[in-house]
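Spelled out from the first residue to the last, the chains are:
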Amino acid sequence: MSKVLIATEKPFAPLAISKIKTVLDNAGFQMVLLEKYTSKEVLFEAVSDVDAIIIRSDKITKEVIAAAKNLKIVVRAGAGYDNVDLAAATEAGVVVMNTPGQNSNAVAELAIGMMIFMARGGFNGKAGTELRGKTLGIHAYGNVGRYVAKIAQGIGMEVFAFDPFLDKESIEKDGVKALDSVESLYESSQYISLHIPANDKTKRSINYKLLSKMPEPAVLVNTARKEVVNEEELIKLMDDRSDFTYISDIAPDNADIFAEKFSGRYFFTPKKMGAQTKEANVNAGVAAANQIVDFLKNGNTTFKVN
Ligand code: 3PG
């Protein structure tokens, strides 16, 4: 009987767990649950005899893969797989998949919520501003970016996007203006919403030069990854420009400096919240379980990323 471990430091909603269990029960697989674990050792022990693992932002390192002797597949229930050592997985013959699109609406709603929060001064009781009529630049027009565009259009924002991997037509059919360069996106947008993955090309790429192009007042919204922002340069920019604010789904490494210097001009969620909805948990968790069943039973490798 195949054994599937759900290893989530940040647990899925109970409804998602029961739906995942139904999928695995129907396939004749055994589900093992490891939630809120606090040490690597506990994870090493839990993976030792499983065939498949479902994770969220949990780190699947070379060591975890080495400890999982029977492992055939890891599915990241979500979009970003920068938390998985793909080279180590490939070397060990382990398939890695994600579940693209399944939690995108949840992340997009949070991005818009963060814009409203900043526009209203963190709900501080003073006069704020509205999003209607303001410019929004969507940096990377993937699953999340598309949802953000649609909601922002409903609010009445003017929406621009830049995505080096898409042709203009596929963006402009949504009524979004596709810009030719990342520089022009930042030059055109009072709000920037980041939707780029964290990889060797993008890490620390959101830097002083780029951010300083944003018109006043500027709001940077990060529901992507903290690693894509060059924190030292963002801090320098916020020192130089009092109109600049930053809101991020998960605290940057230098959160204490923001607290010390930029009171009222930043907000960081205590835990990554973007995909933390019941709906997203169900969508991504069930998709992950179905993908595991289809791979182990039929060899289907759709959504393989390594
Ligand atoms: C993703 O990449 O799908 C999101 O960042 C969600 O991450 P989470 O599953 O840890 O909430």
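Use the structure listed above.
As the structure is a computational prediction, the values presented were derived from the model and not from experiment.

(A) Quick look at the packing of aromatic side chains. Under the counting rule described, the total for this entry stands at eight aromatic pairs. Ring geometry for F117 and F123: centres 5.1 Å apart, planes at 90°, overall edge-to-face. Ring geometry for F258 versus F268: centroids 5.3 Å apart, planes at 85°, classification edge-to-face. Remark: F268 occurs in strand β12 (residues 266–268) and F258 occurs in helix α11 (residues 255–261); sequence separation between them is 10 residues. For F258, a relative accessible area of 0% gives the class buried. When its relative accessible area of 12% is taken as the criterion, F268 is described as buried. Among the aromatic side chains, those forming a connected cluster through ring pairs are Y246, F258, F262, Y266 and F268.

(B) Structural detail: helix α2 (residues 40–47). For α2, the set of buried residues is L43, A46 and V47. Along the axis of α2, the buried positions cluster into a sector of 90°, meaning they face one direction only. Each element contacted by the buried residues of α2 is listed here: β1 (3–8), β2 (30–35), β3 (52–55) and α3 (62–67).

(C) Focus on the sheet that holds strand β4 (residues 73–76). Within the open sheet, the five strands sit side by side as β2-β1-β3-β4-β5. Their pairing is parallel. At either margin of the open sheet sits one strand with a lone partner, and together these are β2 and β5 (95–98). Across the sheet, the mean angle separating the axes of adjacent strands is 20° when strand polarity is ignored. In this sheet, β3 lies alongside β1 in parallel orientation, the contact comprising four bridges. By the bridge assignment, L5 is partnered in β3 with I53. The sheet strands contacting helix α12 (residues 278–298) are β1, β3, β4 and β5, and the helix crosses β3 at an angle near 160°.

(D) Region of interest: the packing of helix α5 (residues 104–119) against helix α6 (residues 143–155). In the contact formed by α5 and α6, the axes pass within 8 Å of each other and the chain directions differ by 45°. When the axis of α5 is compared with that of α6, the two are oblique. The way α5 lies across α6 gives a crossing that is right-handed. In this structure, α5 contributes S104, N105, V107, A108, E109, A111, I112 and M115 to the contact, and α6 contributes N143, V144, Y147, V148, I151, A152 and I155. Split into classes, the residues belonging to the contact of α5 with α6 amount to 11 nonpolar, three polar and one charged.

(E) Seen up close, the pairing of strand β10 (residues 219–222). Going residue by residue along β10, you find V219 and V221 tucked away on one face and L220 and N222 tucked away on the opposite face as well. Pairing analysis gives four bridges linking strand β9 (residues 191–194) to β10, with the strands arranged parallel. Considered in β10, the bridge of I192 is made with L220. Judged from the four bridges that link them, β10 and strand β11 (residues 245–248) form a sheet pairing that is parallel. Across the sheet, the residue bridging to V221 is I247, located in β11. For the crossover from β10 across helix α10 (residues 231–240) to β11, the handedness is right-handed.

Quick notes on the rules
Residues numbered from 1 in each chain as written. Predicted model: local features only at pLDDT ≥ 70, side-chain atom pairs only at ≥ 80, totals over all residues. Heavy atoms only, no water. Phe/Tyr/Trp six-rings, centres within 6.5 Å; stacked < 30°, edge-to-face > 60°. Helix = DSSP H or I, 4+ residues; strand = E, 2+ residues; numbered from the N terminus. Buried < 20%, exposed > 50% of the residue type's maximum accessible area, 1.4 Å probe, protein only. Arc of directions from axis to C-beta. Contact = heavy atoms within 4.5 Å. Pairing = 2+ DSSP bridges. Axes fitted to C-alpha atoms, helices over the stretch in contact; angles between N-to-C directions. Parallel < 35°, antiparallel > 145°, perpendicular 65-115°, else oblique. Left-handed = near helix turned anticlockwise from the far one by under 90°. Nonpolar A, V, L, I, M, F, W, Y, C, P; charged D, E, K, R; others polar. Right-handed = clockwise from strand over helix to strand, strands pointing away.

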